[in-house]
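# Structural description and commentary
Here's the letter readout for the chains.
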Amino acid sequence: MRNSIGRVLEASRFCVGQIVVQKSDGCFVLSHRDDETLNHLQIFRSAEDAIEIAKYDDAGNYRPLKTAPNLHHGWRLELDTLEALMRALDYFYPGRLAVLAAWKNGKLQTTSLRETLDRQSGMYRVAAKISDSQIDNLVADFCRSNGGCLRTILWKRDAEGAVSSTKLPKEKFDPAYDQVEALPQPGSTIPATVPLLCQEACNLLIAECRKMVKGE
């Protein structure tokens, strides 16, 4: 995985979700994008510190969806090696580096929402009864970058290739766009952005499908 994305992560300045990474004197410095120019941030120096940093939002609420745009502020993480950087980013955004590596190598397989729903069992089996119009509304709300999730959606609604939601902008499905700023990468003034790719619907979205079907 390192060989496929190492060059990207060794850039002098880039963003991953709400995090900006800068290379300074051979070290990697991470902070919230909103805090890049601030001083007096709380300093951390271990990749494992990312676990606690990512756990709660600014109000102290637990963050079940790590790619939600509610990463808390006020910290600075200083790391000495690329390996430590990769570990930290995997704590902030679990599994996204591996998905990115597979995508860059042309080996990423996506799963349609209908297929994901059809393989559910137990209390979640009923989620497969959700209608296309309900999916259209639910995905537009739950997965939107502004207040929902910062992942770029690669999966389709069904085996026929229908878009997951017609109510989301086309940029939501394009890895070339920065989901935080909603801007294209080429020619922009923002740092290069490492996309957070979504290859299949997450468990939280499946749970929301179940709630919608049951009218909860």
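Residues numbered from 1 in each chain as written. Predicted model: local features only at pLDDT ≥ 70, side-chain atom pairs only at ≥ 80, totals over all residues. Heavy atoms only, no water.

This part covers the packing of aromatic side chains. If you walk through the whole model with that rule in mind, you get 2 aromatic pairs. For the ring pair Tyr-56 and Tyr-62, a centre distance of 6.4 Å and an interplane angle of 70° mean the geometry is edge-to-face. Between Trp-75 and Phe-92 the ring centres are 5.2 Å apart and the planes differ by 25°, which places this aromatic pair in the stacked class. One end of the pair, Trp-75, is in strand 5 (residues 75–79); the other, Phe-92, is in helix 3 (residues 82–92), with 17 residues separating them in the sequence. Note on accessibility: Trp-75 and Phe-92 belong to one class, buried. Residue placement shows Arg-210 over the ring face of Tyr-124; its charged tip is 6.0 Å from the ring centre. (Phe/Tyr/Trp six-rings, centres within 6.5 Å; stacked < 30°, edge-to-face > 60°. Helix = DSSP H or I, 4+ residues; strand = E, 2+ residues; numbered from the N terminus. Buried < 20%, exposed > 50% of the residue type's maximum accessible area, 1.4 Å probe, protein only. Lys NZ or Arg CZ within 6 Å of the ring centre and 35° of its normal.)

We now examine the sheet that holds strand 5. Strand-to-strand pairing in sheets goes through backbone hydrogen bonds, with the strands running parallel or antiparallel. Taken together, the 6 strands give an open sheet; going across it, the order is 4-5-3-2-1-9, and neighbouring strands pair in mixed fashion. At either end of the open sheet lies a strand with only one pairing partner, and these are strand 4 (42–44) and strand 9 (192–194). Between one strand and the next, the sheet's axes are offset by a mean angle of 25°, whatever the strand orientation. Where strand 2 (residues 19–24) lies against strand 3 (residues 27–32), 6 bridges are found, and the strand directions are antiparallel. In the strand pairing of strand 3, Val-20 is matched with Ser-31. Packed onto the sheet, helix 3 meets strand 1 (13–16), strand 2, strand 3 and strand 5 and runs at close to 145° relative to strand 5. (Pairing = 2+ DSSP bridges. Axes fitted to C-alpha atoms, helices over the stretch in contact; angles between N-to-C directions. Contact = heavy atoms within 4.5 Å.)

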